[in-house]
Amino acid sequence: MMDERGEEEEEEEEEEEAWLQLRPIEPLPSQCCGSGCSPCVFDLYHRELARWEEARASKDRSLLSGEESQSCPSKLNPETFLAFRISAVDRLTKDTYHVRFALPRNSRLGLRPGQHLILRGKVDDLEIQRAYTPISPANAEGYFEVLIKCYQTGLMSRYVESWSAGDTAFWRGPFGDFFYKPNQYGELLMLASGTGLAPMVPVLQSITDNAEDETFVTLVGCFKTFEGIYLKTFLQEQARFWNVRTFFVLSQENSPEQLPWSYREKTRFGRLAQDLIEELVGSCRRKPFALVCGSAEFTKDMARYLLCAGLAEDSCFLF
């Protein structure tokens, strides 16, 4: 009897160990991109943990799968990372990359203009996640593109800088609460700093691609130098449309004579401050709806300047 009882206890211990090995692993802080996505990686963890506890209590491992069937395995999902092949990596500046990813069978990514994705990377066995907004048109077929700035001490930057054409990266999404509709606003005032230009690009292009959308757009891009301005050709092309104005603010230059003629009248030097915001709002044909994207400090400052310039809180969206 003692031997049988001992065998039973050993089997129970082995079964318990097997269940513990199936227990979801709590994410590290580095695995949260910090952009307020829903579901967050921690939301997914708690959901999987509840599923594991239910399966363990009923001793039914089939409950652990819990996956809904998908008619299209390549369709984006906010909860599941999907693999995308890198088809091109272009270095725009010393620290910024323009990356193109291939989509299967000339399919579309399925994002609305301004929505973003979460990229998963791994460096030194540490998983990290960051949010990036595709800059390709919402109707682009067979590809999507992102603009990524790398930082000297950034973990994700190390991962991105290791990319080359043919590699694979993992994304999930879409995320984002801004949903643009044609002619929804009489005029848009876009304030972007650095790669904060990214969410503005697909919104702007969706307007100029639609002959029935008569929204006026004033886009202000803030960069350190003229050489550091992203997507110059695209922005020049957009500025040719009757309803689009572009301006630039350069913080580390002060001589208009050093700029090409086409940029001199629409470039200011220093920082985007209250006086220029009031001038821009005053020059709009009607009260604009403002879109702001940049660093946390830039976004906070712009929100304050816009309120002082007479815009209501519900007339601004902060990416």
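The coordinates are above.
Here the residue numbers are simple positions, counted from 1 along each chain's written sequence. With pLDDT at 70 or above as the cut-off, local features in this predicted model cover only qualifying residues; side-chain atom pairs require 80 or more to be listed or tallied, and sums for whole chains, interfaces and linings still use all residues. Remark: hydrogens and water are excluded; side-chain values derive from all non-hydrogen atoms of the structure.

**Comments concerning empty space enclosed by the protein**
Here's step 1: In this analysis the probe radius is 1.4 Å and the grid spacing 1 Å, with only protein atoms considered; a cavity is a set of points the probe fits into but cannot get out of, a pocket is an open set with protein on both sides within 12 Å along at least five of seven lines, and lining residues have an atom within 4 Å of a point. Grid points are joined across faces, edges and corners, and a volume is the space filled by probe spheres set on the points. Throughout the structure, instances matching the rule amount to 1 cavity of 30 Å³ or more.
Here's step 2: Counted as a void, the largest cavity has a volume near 100 Å³.
Here's step 3: Around the largest cavity, the lining is made up of 15 residues, and of these L111, P134, S136, P137 and A138 lie nearest the centre.
Here's step 4: Residue classes in the lining of the largest cavity are distributed as 10 nonpolar, 4 polar and 1 charged. Polar here means any residue other than Ala, Val, Leu, Ile, Met, Phe, Trp, Tyr, Cys and Pro, which are nonpolar, and Asp, Glu, Lys and Arg, which are charged; Gly is therefore polar.

**Some remarks on the pattern of salt bridges**
A side chain of one charge can pair with a side chain of the opposite charge if their charged atoms are brought near each other.
Here's step 1: Put simply, a salt bridge is a Lys or Arg side-chain nitrogen that is within 4 Å of an Asp or Glu carboxyl oxygen. Tallying each qualifying case throughout the model produces 6 salt bridges.
Here's step 2: We note a salt bridge from E145 to R100, for which the minimum N-O separation is 2.8 Å. Of this pair, E145 sits in strand β5 (residues 143-149) while R100 sits in strand β2 (residues 96-102); the two residues are 45 residues apart in sequence, bridging distant segments of the chain.
Here's step 3: Each residue is assigned to one of three classes by its accessible area relative to the maximum for its type, calculated with a 1.4 Å probe on protein chains only: buried under 20%, partly exposed between the two thresholds, exposed over 50%. Owing to a relative accessible area of 32%, R100 belongs among the partly exposed residues under this scheme.
Here's step 4: One salt bridge in this structure joins R158 and D124, with 3.2 Å as the shortest N-O distance. With a gap of 34 residues between them, R158 in helix α3 (residues 155-161) and D124 in the loop between β3 (116-123) and β4 (126-132) connect regions that are remote in the sequence.
Here's step 5: The partly exposed category is assigned to R158, whose relative accessible area is 43%. Helix numbering and strand numbering both begin at the N terminus, where a helix is a DSSP run of H or I of at least 4 residues and a strand a DSSP run of E of at least 2.

The values reported here are purely geometric and, on their own, carry no functional implication.
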